[in-house]
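Tertiary structure, described
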Amino acid sequence: MRKTPAFLTISFLLIAVIIGFTSSVAKSGKANCEAYLYISNNSLFEINVTVDGFPSGNLLVGKSKTYTVNLANDQGKRIKVKVEYQDPDYIDPKAITYVTKQKVECGGSDSVFVAFSK
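On a predicted model such as this, the values are computed, not experimentally measured, just so you know.

1. A short note on the sheet that holds strand 4 (residues 64-71)
Taken together, three strands build an open sheet; the order of strands is 4-1-7 and the sheet is mixed. Each edge of the open sheet is held by one strand with a lone partner, namely strand 4 and strand 7 (109-114). Averaged over all pairs of adjacent strands, the angle between strand axes in this sheet comes to 25°, irrespective of strand direction. By the bridge criterion, six bridges tie strand 1 (residues 33-41) to strand 7 in an arrangement that is parallel. Bridge pairing links Tyr36 to Ser109 in strand 7.

2. Description of the environment of Asp87
Within the secondary structure layout, Asp87 lies in the loop between strand 5 (80-85) and strand 6 (94-99). Judged by its relative accessible area of 5%, Asp87 falls in the buried class. Between the alpha carbons of Asp87 and Phe116 there is a distance of 9.7 Å; along the sequence they are 29 residues apart.

3. Thoughts on unusual backbone geometry
Unusually for a residue other than glycine, Asp52 sits at a positive phi of about 55°. For Asp52, the location among the structural elements is in the loop between strand 2 (47-51) and strand 3 (54-59). With phi around 55°, Asp74 is a residue other than glycine that occupies positive phi space. Looking at where Asp74 falls in the secondary structure, it is placed in the loop between strand 4 and strand 5. Take Asp74: its relative accessible area is 33%, and that puts it in the partly exposed class.

Scoring rules and cut-offs
- Residues numbered from 1 in each chain as written.
- Predicted model: local features only at pLDDT ≥ 70, side-chain atom pairs only at ≥ 80, totals over all residues.
- Heavy atoms only, no water.
- Pairing = 2+ DSSP bridges.
- Helix = DSSP H or I, 4+ residues; strand = E, 2+ residues; numbered from the N terminus.
- Axes fitted to C-alpha atoms, helices over the stretch in contact; angles between N-to-C directions.
- Buried < 20%, exposed > 50% of the residue type's maximum accessible area, 1.4 Å probe, protein only.

As structure tokens, then:
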């Protein structure tokens, strides 16, 4: 019976480790990146903000805030912003959905200006 030389076994193990490492590095090359969205509340009401389906808190009258959005696989996309406000004349809050004008790319930004009035 022939025995496999030790250097061949070690070589095969080393090659397997290198292939595993390079494939994990290639997958991580498509990591998430961040984009920024500036939202300004120029309305007469306090608003609740939802960015891309994630509740993002409220924004007081006359205030602005920059939100960070994670983009999967480094791909640009249009960002949806849902804004809800409590109108004193109605029981249920009113909601309006905004969509960014252009696709926001990694490291890019866009703005949404909210202005409700009576």
